[in-house]
Amino acid sequence: MGCCAAKATFRKLWAEYRRHRAEGLHSQNQVVERDRRRLSVNKAEDVANAPKTDVRGNVATSLEGNILDLFPDAQRRTSVTGAVPPDGVQQKGFADKPTRKGGDEGLKNFKVGCACKKGLKPESPNQDDFCIFRADGTSIYGVFDGHGPYGHDVSAFVQEALPRCFAQDPQFVDDPEKALCAAFPAAHR
């Protein structure tokens, strides 16, 4: 394609893009409804007020105990994970995420700190989650950023499932890189 033809093609595509933006079209023949443009704001209150269950569509929470149970011989062990606020409690903006702590030692002894704060949208739950697991010389750190109306459920599930899949992989000790790569599809199942 010559230089002039390329410029003409670019101008045509640019004009089509501007027309789509002006008409509210984001892809060919697709109009985005007004209330879906900011789904996390418009629908989050419905999701936050929905009844809490252990089964969230195809996603179920892991009720298999603490991941530290996988390291019974560890001399020093600790865990800190994000927790779901009690039913009916709506966190204020920039409030700390509730946490669950486990193990024999606190994070100070490992010289580790963490912070997870809710954003400013009053109708939206804190959609972020995290985990810290330390057992002797083994450490697992995770940060999970949820998006959309079910972002808080997805990040909470992954916070529980991914580290467990990683630590239970047969290659965890010998080849942690392969174990981590295998943990993602395992957690997705």
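Below you will find a few notes about this structure. The structure presented is a predicted model; accordingly, all values stated were derived computationally and were not measured.

What about the overall build of the chain?
Across its full length, the chain carries five helices and eight strands. Each helix and strand of the chain, placed in order from N terminus to C terminus, yields the pattern α-β-β-α-α-β-β-β-β-β-β-α-α. Taken over 189 residues, the chain has a buried fraction of 34%. Residue pairs at least 24 apart in sequence account for 55% of intrachain contacts in the chain once pairs closer than 6 positions are excluded. Just so you have it, the chain exposes about 12,800 Å², and 54% of that area is on carbon and sulfur atoms.

Quick notes on helix H4 (residues 151-168)
Here H4 contains 18 residues, and its C-alpha end-to-end distance of 25 Å stays within 8% of the 26 Å for a straight helix at 1.5 Å per residue. Approximately 25° is the largest bend angle found in H4, and it occurs at Val-158. In terms of burial, H4 is largely enclosed, as 14 of its 18 residues are buried.

Things to note about empty space enclosed by the protein
Counted by the stated rule, this structure contains one cavity of 30 Å³ or more. Here the largest cavity defines a volume of roughly 40 Å³. Taken together, Leu-68, Phe-71, Phe-133, Arg-134, Ala-135, Thr-138, Ser-139 and Ile-140 make up the full set of residues lining the largest cavity. Every element with two or more residues in the lining of the largest cavity is listed here: strand S7 (128-135) and strand S8 (138-145).

Here's the deal with the pattern of salt bridges
If you walk through the whole model with that rule in mind, you get five salt bridges. With a closest N to O distance of 3.9 Å, Lys-178 and Asp-175 form a salt bridge. With relative accessibility at 24%, the residue Asp-175 sits in the partly exposed group.

Some thoughts on the packing of aromatic side chains
Aromatic ring pairs are defined here through the distance separating the ring centres and the angle between the ring planes. Overall, the coordinates contain two aromatic pairs when judged by the stated rule. Linked through ring pairs, Phe-71, Phe-166 and Phe-172 together constitute an aromatic cluster.

So, the sheet that holds strand S6 (residues 99-103)
With respect to topology, four strands assemble into an open sheet ordered S6-S5-S7-S8, the strand pairing being antiparallel. Pairing within the sheet leaves two strands with one partner each, and these edge strands are S6 and S8. Each strand of the sheet is rotated relative to its neighbour by a mean of 5°, with strand direction disregarded. Pairing analysis gives five bridges linking strand S5 (residues 77-82) to S6, with the strands arranged antiparallel. When the sheet's bridge partners are listed, Gly-82 is paired in S6 with Thr-99. Of the strands in this sheet, S5, S6, S7 and S8 are in contact with H4, which crosses S7 at around 25°.

A few points about the pairing of S8
Across eight bridges, the pairing between S7 and S8 is antiparallel. Bridge pairing links Ala-135 to Thr-138 in S8. Connecting S7 to the antiparallel partner S8 that follows it, the hairpin turn spans two residues, and Asp-136 within it adopts a positive phi of roughly 50°.

So, unusual backbone geometry
The backbone phi angle of Phe-94 is positive, close to 65°, even though this residue is not glycine. Along the chain, the position of Phe-94 falls in the loop between S5 and S6. In this structure Phe-94 comes out as exposed when scored by relative accessible area, which is 53%. Phi at Asp-136 takes a positive value of approximately 50°, unusual for a residue other than glycine. If you trace the backbone, Asp-136 turns up in the loop between S7 and S8.

Rules behind the numbers
Residue positions are given per chain, counting from 1 as you read along its sequence in written order. A pLDDT threshold of at least 70 governs which residues receive local features in this predicted model, and a stricter bar of 80 or more applies before side-chain atom pairs are shown or counted, although totals over entire chains, interfaces and linings include all residues. Only hydrogens and water are removed before side-chain values are computed, so all heavy atoms of the structure are retained for them. Secondary structure counts use DSSP, requiring at least four H or I residues in a row for a helix and at least two E residues in a row for a strand, with both numbered from the N terminus. Burial classification: accessible surface area is computed with a 1.4 Å probe over protein chains only, and a residue below 20% of its type maximum counts as buried, one above 50% as exposed, and the rest as partly exposed. In this analysis, two residues are considered to be in contact whenever any of their non-hydrogen atoms come within 4.5 Å of each other. Throughout, the Shrake-Rupley method with a 1.4 Å probe supplies accessible areas, and for residues the shown protein chains are the sole cover considered. Multiplying 1.5 Å by the residue count of a helix minus one yields the expected span of that helix. To get the bend at a given residue, fit one axis to the seven residues ending there, fit another to the seven starting there, and take the angle between those axes. Definitions used for this entry: grid spacing 1 Å over protein atoms alone; cavity, a set of points where a 1.4 Å probe fits but cannot get out; pocket, an open set with protein on both sides within 12 Å along at least 5 of 7 lines; lining residue, one with an atom within 4 Å of a point. Grid points are joined across faces, edges and corners, and a volume is the space filled by probe spheres set on the points. Here, a salt bridge means any Lys or Arg side-chain nitrogen found within 4 Å of an Asp or Glu carboxyl oxygen. In summary, the pairing rule links any two rings of Phe, Tyr or Trp, Trp by its six-membered ring, whose centres are within 6.5 Å, and it sorts them by plane angle into stacked for under 30 degrees, edge-to-face for over 60 and tilted for everything else. Strand pairing is defined by DSSP finding a minimum of two bridges between the two strands. Each axis is a line fitted through C-alpha atoms, and for a helix only the stretch in contact is used; angles between axes span 0 to 180 degrees, taken between their N-to-C directions.

Scope: geometric values only; no functional claims are made or implied.
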